[in-house]
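Residue-level structure breakdown
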Amino acid sequence: MITVSNLGKKFGKLEVLKSIQVDFNHGSSYAMIGPNGSGKTTLIKCILGMVIPDTGIITVNGKPIANDWSYRNLIGYMPQIGRYPDQMKIGQIFDMIRDLRQDQSHMDEDLIREFKLVQMRDKRMHTLSGGTRQKVSASLAFLFNPRIMILDEPTAGLDPIAVEILKEKILAEKNKDRTFLITSHIMSDLDELTSNVVYLEEGRILFNDTIDLLKEETGEVKLGKAIASVMKRNLKDAEKV
Ligand code: ADP
Ligand code: MG
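Described below are features of the structure shown in this document. Being a predicted model, the structure only gives us computed values, none of them experimental.

Details of the nonpolar core
Membership of the largest hydrophobic core comes to 43 residues, with the highest contact counts inside it found for Val136 and Ile227. Not counting residues within four places of it along the chain, the set of residues in contact with Val136 comprises Tyr84, Ile90, Ile93, Phe94, Leu117, Met125 and Leu128.

A few points about the sheet that holds strand β3 (residues 29-33)
One open sheet holds the six strands; their spatial order is β6-β7-β8-β3-β9-β10, and the pairing between them is mixed. Strands at the two margins of the open sheet, each flanked by one partner only, are β6 (75-78) and β10 (204-210). Between one strand axis and the next, the sheet turns by 15° as a mean value, whatever way the strands run. Note: strand β9 (residues 196-201) against β10, six bridges, orientation antiparallel. Pairing of Leu200 across the sheet is with Ile205, part of β10. Along the sheet, helix α5 (residues 160-174) contacts β3, β7 (148-152) and β8 (179-183); its crossing angle with β8, the most-contacted strand, is approximately 150°.

Details of the site of ligand 1
Taken together, Phe11, Leu14, Val16, Pro35, Asn36, Gly37, Ser38, Gly39, Lys40, Thr41 and Thr42 form the complete shell of residues around ligand 1. A distance of 3.2 Å separates an oxygen atom of ligand 1 from a polar backbone atom of Ser38. Contact between ligand 1 and Gly39: an oxygen atom at 3.0 Å from a main-chain N or O atom of the residue. In the complex, 58% of the free accessible area of ligand 1, which totals 560 Å², lies under the protein chains. Of all the elements in the fold, those that place two or more residues in the shell around ligand 1 are β2 (14-24) and α1 (40-48). A per-element tally of the shell around ligand 1 places α1 first, with three residues. Among the residues forming the shell around ligand 1, the class breakdown is four nonpolar, six polar and one charged.

Here's the deal with helix α7 (residues 211-218)
When α7 is considered as a whole, its buried residues turn out to be Ile211, Leu214, Lys215 and Thr218. Looking straight down α7, one finds that the buried residues subtend no more than 95° of arc, so they occupy a single side. Every exposed residue of α7 that faces more than 90 degrees away from the buried side is listed here: Asp212 and Glu216. Of the residues flanking the end of α7, it is Gly219, one or two places downstream, whose phi is positive at about 70°.

A word on the coordination of the magnesium ion (ligand 2)
Distances from the magnesium ion (ligand 2) to its protein donors, namely Thr41 (OG1) and Gln80 (OE1), fall within the range 2.0 to 2.3 Å. A residue pair is termed long-range when its members are at least 10 positions apart, and Thr41 in helix α1 and Gln80 in the loop between β6 and α2 (90-100) qualify at 39 residues.

Some points on the environment of Ile2
Looking at the secondary structure, you find Ile2 in strand β1 (residues 2-11). By relative accessible area, which is 2% here, Ile2 ends up buried. For Ile2 and Gln104, which are 102 residues apart along the polypeptide, the C-alpha to C-alpha distance reads 25 Å.

Description of unusual backbone geometry
In the Ramachandran plot, Asn67 falls in the positive-phi region, its phi being about 65° despite a non-glycine side chain. Within the element layout of this structure, Asn67 appears in the loop between β5 (63-64) and β6. You can call Asn67 exposed: its relative accessible area is 79%. For Lys116, which is not glycine, the phi dihedral falls at a positive 60°. With respect to the helices and strands, the residue Lys116 is situated in the loop between α3 (110-114) and α4 (130-142).

The rules behind the values
- Residues numbered from 1 in each chain as written.
- Chains lettered and ligands numbered in written order.
- Predicted model: local features only at pLDDT ≥ 70, side-chain atom pairs only at ≥ 80, totals over all residues.
- Heavy atoms only, no water.
- Core = buried A, V, L, I, M, F, W, Y, C linked by side-chain atoms within 4.5 Å.
- Buried < 20%, exposed > 50% of the residue type's maximum accessible area, 1.4 Å probe, protein only.
- Contact = heavy atoms within 4.5 Å.
- Pairing = 2+ DSSP bridges.
- Helix = DSSP H or I, 4+ residues; strand = E, 2+ residues; numbered from the N terminus.
- Axes fitted to C-alpha atoms, helices over the stretch in contact; angles between N-to-C directions.
- Near = heavy atom within 4 Å.
- Polar contact = N/O pair within 3.5 Å; in protein donor to acceptor, adjacent residues only side chain to side chain.
- Areas by Shrake-Rupley, 256 points an atom, 1.4 Å probe, with all protein chains shown as cover.
- Nonpolar A, V, L, I, M, F, W, Y, C, P; charged D, E, K, R; others polar.
- Arc of directions from axis to C-beta.
- Donors = N, O, S within 2.8 Å, 3.2 Å for Na, K, Ca; no water.

Here's what the structure looks like:
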């Protein structure tokens, strides 16, 4: 379980996260939604220890993450933009990452196989299309069977076949006692893949509910419409004040 309490982050004068309070429970799946620049990636990077927050505490399985990086072994991360050494070949990247782990007994190479990356072992990273880079990133995120999966816009840039492969993989893994945190702008993907929605705007969480409850409350069948309906209601409430 991940808990985020009173998290704040500024970049210069720009307040990107404002007293964020949210829990991500073990075995649950979360869609993180919000306009561009609302702070989704920054929140994810704080959880990963890649951005150091100004205020607040993050715990993973009860332990504060500050100054103890061992929790990162529990997390598989697919970045929004995967950056790799230009001259390395796909195969070398996988070998290098594999070698970082001592326990190599439970490797999950499904995606490497299904994305046909084995056949592309000798291609250098700088020659790859954006979609192929995303395939490498997705395969790396799943490689060590981590309990916590954080996927930042995982389907962006993937071709339709690859999107389906990745979605199938997420669905297959979701029940296995894992936590998923996924950001995307594609509501239909999130509707299929997750059960909870955390909505962020200008660095604040505006709501955090199960998708079922959100749909029930708004009378909408689709996640996108349900969110639009809540946003409209929020706007009306704000006008009243
Ligand atoms: P999202 O993922 O929701 O699109 P981000 O978390 O990437 O949003 O960005 C939130 C805001 O913080 C944006 O205005 C972005 O320009 C700014 N930002 C993100 N990272 C940095 C950084 N390292 N330095 C300065 N500003 C940043
Ligand atoms: Mg982002």
